[in-house]
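# Remarks on the overall topology
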Amino acid sequence: MKKVISLVFMLVALSLGWPATSDAQMKKVSMQLDWLVSGYHTGYFVAKEKGFYAAKGLDVTINRGYGSGDTIKVVAAGKSEFGQAGIPPAIISRGKGAPVVGLAVIVGKSPESILSFEEKGIRKIKDIEGKSFGEPAGGAIMVMWDAFVKFAGIDTSKLTYINVEPAAKAAVFFSGRVDWTFGFRPGFDDVIITRARKEGKKLVFLRWEDVGWKTYGSGIITTDDLLKRDPKLVADFVAASMDGFRWVIENPDQALDLILKGNPEIDRAAAHLSLLFGIDGLLTRAAREHGLGYMEPDRMAFQIDLMSKAGNFPPPKAEEVYTNRFIQKKPVTVSPALEAELAKIR
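Note that the structure is a prediction, hence the values are computed from the model and not measured. (Residues numbered from 1 in each chain as written. Predicted model: local features only at pLDDT ≥ 70, side-chain atom pairs only at ≥ 80, totals over all residues. Heavy atoms only, no water.)

What follows covers helix 14 (residues 297–311). Because each turn of an α-helix spans 3.6 residues, side chains separated by three or four positions in sequence point in the same direction. In a regular helix each residue adds 1.5 Å, so 15 residues correspond to 21 Å; helix 14 covers 21 Å between its end C-alpha atoms and thus fits that length. Along helix 14, the residues that are buried comprise Arg-299, Met-300, Gln-303, Ile-304, Leu-306, Met-307, Ser-308 and Gly-311. Buried residues belonging to helix 14 abut helix 5 (87–95), helix 6 (140–152) and helix 15 (318–321). A positive phi of about 55 degrees marks Asn-312, the residue just after helix 14. (Helix = DSSP H or I, 4+ residues; strand = E, 2+ residues; numbered from the N terminus. Expected span 1.5 Å × (residues − 1). Buried < 20%, exposed > 50% of the residue type's maximum accessible area, 1.4 Å probe, protein only. Contact = heavy atoms within 4.5 Å.)

What follows is the structure, encoded as structure tokens:
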């Protein structure tokens, strides 16, 4: 009789999203983000707050990041089971010996763009020739800049480059000292757009994605060791995380309130844009067909080839770089109101 009661309780608990295990049995797991907490990270916080992780027996600690490079190092060293990091730098790290593997893409579009003010007259990629731009010399985008200018047919001899400090990039751009800078979404564009709206300035974005540059933004990574040692843990973490992001898509206003409640230091307007950029990056054609987080083989092949040439290392095998084995195809409802909001930011 006791076994029957226990089984009934477990089934009820699972149906309500409660953990079916005691606190002592919960697996402690850490997740390191790529940067400061922002709207596009909301899915993880939803998964924690709504009990999606707990339902899988996971006690997840979410930590801020200090850049994708640092997150990759932390995960590769086994100091965090999972991380969110840029897919291109993860490929470079893999090619140079780091045992990291991609599990799901979160920002499924190229995050880079050419960003300028309307009065600068930059309307197409070639218009940047004869103009000046500012960017930190050690910025992540600069790693791919040489490859992109060759891809887009830009004559770099006609560009004036100004090295700026990372913390001063936005200020230099708004001061007018440079004609353009690199946009990056989510993570930079949301802050810039929020400020431009307050100051009544009109921005122009030329997305690298629109000229055929098929890289990804960031995604979930782990190590070869954890993947081999505890594939169920990996599967449970990915499933619960993607359920969190699915909930964000279906409840964007509530999701925004949730991330701001737990992180009150975040600017609401910037967080809202970041959340929308994140949703737009999640809802790719491939994700709608195969499930949220799905990485397209041809797009991954493009990036592996690109990064191996940029990093001067033999291209690693695709199966060493990423896997779609934990991606689940589940229905996701996108409201007309959300579709209209997404259309405005594309």
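Read on for the rest.
We now examine helix 16 (residues 336–345). Taken together, the buried positions of helix 16 are occupied by Leu-338, Leu-342 and Ile-345. When helix 16 is viewed along its axis, its buried side chains cluster within an angular range of 60 degrees and face the same direction. For helix 16, the exposed residues set more than 90 degrees away from the buried face come down to Pro-336, Ala-337, Ala-343 and Lys-344. On the buried face of helix 16, the contacting elements are helix 10 (231–250), helix 11 (252–262) and helix 12 (268–282). (Arc of directions from axis to C-beta.)

Before going further, it helps to examine the packing of aromatic side chains. Throughout the structure, instances matching the rule amount to 22 aromatic pairs. Ring geometry for Phe-133 versus Tyr-161: centroids 5.1 Å apart, planes at 40 degrees, classification tilted. Of the two residues, Phe-133 sits in strand 6 (residues 132–135) while Tyr-161 sits in strand 7 (residues 160–163), which places them 28 residues apart along the sequence. Taking the centre distance of 6.1 Å and the plane angle of 25 degrees together, the rings of Trp-145 and Phe-148 count as stacked. One end of the pair, Trp-145, and the other, Phe-148, are both in helix 6, three residues apart, so they sit about a helical turn from each other. For the pair Trp-145 and Phe-148, a shared accessibility class is recorded, and that class is buried. (Phe/Tyr/Trp six-rings, centres within 6.5 Å; stacked < 30°, edge-to-face > 60°.)

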